[in-house]
Amino acid sequence: MAVAVGPCAGLLDYKTAKFALTRNRRVGLLHRLLQLGVLGYLLGWVLLVRKGYQDTDPAPRTAVVTKMKGSAVAGEGGAGWQLWDAVDQAWPPQGENVLFLVTNFITTAKQTQGTCPESPSVLEATCTEDADCPVGNTVVHGNGIKTGKCIMFNTTHSTCEIYGWCPVENSTLPRKPLLDEAENFTLFIKNTVHFTKFNFSKCNTLQTNDPTYFKSCTYDAFLNPFCPVFRVRDMVEAAGETFGDLALLGGSIGVRIEWDCNLDHSAALCQPQYSFSLQDRRYNFRTASYYWDSQKQLYRNLLKFYGIRFDISVHGQAGKFSIIPAAVSFGTGIALFGAATVVCDLVLLYLDTKADMYWKEKFEEVRMGLLWRPEAGMKFCKHI
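Residues numbered from 1 in each chain as written. Predicted model: local features only at pLDDT ≥ 70, side-chain atom pairs only at ≥ 80, totals over all residues. Heavy atoms only, no water.

Enquirer: When you look at the environment of R233 in this model, what are you seeing that I'm missing?
Expert: On the secondary structure map, R233 appears in helix α4 (residues 232–238). Residues R233 and F243 lie ten residues apart in sequence; the distance between their C-alpha atoms is 5.9 Å. (Helix = DSSP H or I, 4+ residues; strand = E, 2+ residues; numbered from the N terminus.)

So, in C-alpha cells, the structure goes:
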C-alpha cells in the first residue's frame, strides 16, 4: 500500500516521546538543581508565602470609630488659667478616620470689627506715608482692607490702617506647648472589618464581660496586644518623634491598621497589626467663638490651634482554601518541572560536545506501511 505524500501530508504525522538515557553528569546535575529550584519555589513561595492554594479578598469593608480622653491645664496664651479636656482638645468630637488633638494655641481675645493698624509681620503692611496705603486694597495675607492711612503700630513700626477684626491676630508663639499634658491622653480606636467574599467580620476590641477593661488597659504590642486604647506619647514615639517637639508646632501621625487573616485557621488568630509613621511636621488651623456684649456689640475670641493630626487607615486581606487556585498552582508547578527537562534537552542538543550523537538518538523518523498477508489472514506493520 502506497504512503500518501503531498504538501499537507505532515498534518497527519504523529510525534511520540522517546526517552534516551544519557550518562552525562553535568546535565544530570543541572536537571536535579532545576527540579529542586522548582520544588522550592512551589513549596516555599507559592504555597507557604503566597498561599497559592487560597482564594483571597484584598478589599474588606472597614469602619473606624475613635474617642479621645484626658484633661490638661493651660496657664498662658492670653486666656488665663483654663482647664482643657478631650471635648475642648479633640476635633471633631466624634472622630472617625481623622482626629486632631490640640497641644498648643495662640489666643487673640475680644476682637471686634473696626479700624486698627495692620501687623508689621504681614507682607505689604509697612508704610511711610498715606500714599503707601491705597484705599480699598487688601493686604496680602493680612487681616483686612486698607483705609488709606499710615499710622503707628508701635514706637518702631508704621503700618497701614485696616478695617477688619481688631486688634489684629496675635502671632507670638509660646516657647513650649501650653497643653503638654496632652501626651497622657488616650485614644480609643474601634475598628471593624468585613470580608464580603467569605462573609467574615472581625472587630479589634477584645470580647470581654469586664466593664472596666477598656477604662484601665493601654495597648502594648507584647503585654497587651488586644487593647485598642493608645496613649498619645506612645504613638508619637512609635512614629520616631518626641511629643514635646511635635506638640509645639503640630504635625501629622499616620496610624495604619493591617489585617492579614488566614481563614483556614481559627478566627481568634485573625488580629490587627498597628504601625505609626510621621507624615508631616507643622499643623495648625484657626477657629473663633462669637458673643455679644450688653450693648449688642459683636465680639469674637480668635484661637490659632497647633496640634497633632491622626490619620487612621485600615488595610487587609483574607484567604481561604479553594480548589481552583490550588489546581492552578499545582498545575503551574508541574509545568515548571517539564520546563526543567526542556532546558536540559536544549543543553544537550546545542551546547554539549556530543550534541550530534544526541541528535541521532533523540530523533528518529519511522515510516509505516500496511501490507496484507493472506496466509496469516491479518494485517501487519512493516518498517520500510
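Enquirer: Even after reading the chapter, I still don't get the nonpolar core, so can you show me in this structure?
Expert: Nonpolar side chains in soluble globular proteins generally cluster together in the buried interior. Counting residues in hydrophobic clusters, the biggest one holds 47 residues, and the most contacted among them are M68, F105, I189, V232 and F310. It is strand β15 (residues 298–321) that provides the largest number of residues to this core, a total of seven residues. Leave out the neighbours within four places in its chain, and V232 touches M68, L101, A182, E183, F185, F243 and F310. (Core = buried A, V, L, I, M, F, W, Y, C linked by side-chain atoms within 4.5 Å. Buried < 20%, exposed > 50% of the residue type's maximum accessible area, 1.4 Å probe, protein only. Contact = heavy atoms within 4.5 Å.)

Enquirer: I would appreciate a short explanation of helix α1 (residues 25–49) in the present structure.
Expert: Three or four residues apart is the spacing at which side chains of an α-helix point the same way, because the helix has 3.6 residues per turn. The end-to-end C-alpha separation of α1 is 33 Å, in line with the 36 Å expected for 25 residues at 1.5 Å each. V27, H31, V38, L42, V46 and L47 are the residues of α1 that are buried. Buried residues along α1 sit against α6 (323–351). Phi turns positive one or two residues past the end of α1, at K51, with a value near 50°. (Expected span 1.5 Å × (residues − 1).)

Enquirer: What is the right way to read the pattern of salt bridges from this model?
Expert: A side chain of one charge can pair with a side chain of the opposite charge if their charged atoms are brought near each other. Following the criterion strictly, the structure yields six salt bridges and no others. Between R286 and E169 there is a salt bridge, with its nearest N and O atoms 2.9 Å apart. Taken together, the positions of R286 in strand β14 (residues 284–292) and E169 in the loop between β8 (158–166) and β9 (186–195) put the pair 117 residues apart, joining distant regions of the chain. Classification of R286 as partly exposed rests on a relative accessible area of 47%. E169 sits in the buried class, given a relative accessible area of 18%. (Salt bridge = Lys/Arg side-chain N within 4 Å of Asp/Glu carboxyl O.)

Enquirer: Would you mind going over the packing of α1 against α6 with me for this structure?
Expert: Geometry of a packed helix pair, given as the angle between the helix axes and the separation of the axes. Where α1 contacts α6, the two axes come as close as 9 Å, and the packing angle between them is 160°. By the angle between their axes, α1 is roughly antiparallel relative to α6. Here the hand of the crossing between α1 and α6 comes out right-handed. Along the contact surface, α1 presents V27, L30, H31, L34, Q35, V38, L39, Y41, L42, V46 and L47, while α6 presents S329, F330, G333, L336, F337, A340, T341, V343, C344, V347 and L348. A breakdown of the residues in the contact of α1 with α6 according to their chemical character gives 17 nonpolar, five polar and no charged. (Axes fitted to C-alpha atoms, helices over the stretch in contact; angles between N-to-C directions. Parallel < 35°, antiparallel > 145°, perpendicular 65-115°, else oblique. Left-handed = near helix turned anticlockwise from the far one by under 90°. Nonpolar A, V, L, I, M, F, W, Y, C, P; charged D, E, K, R; others polar.)

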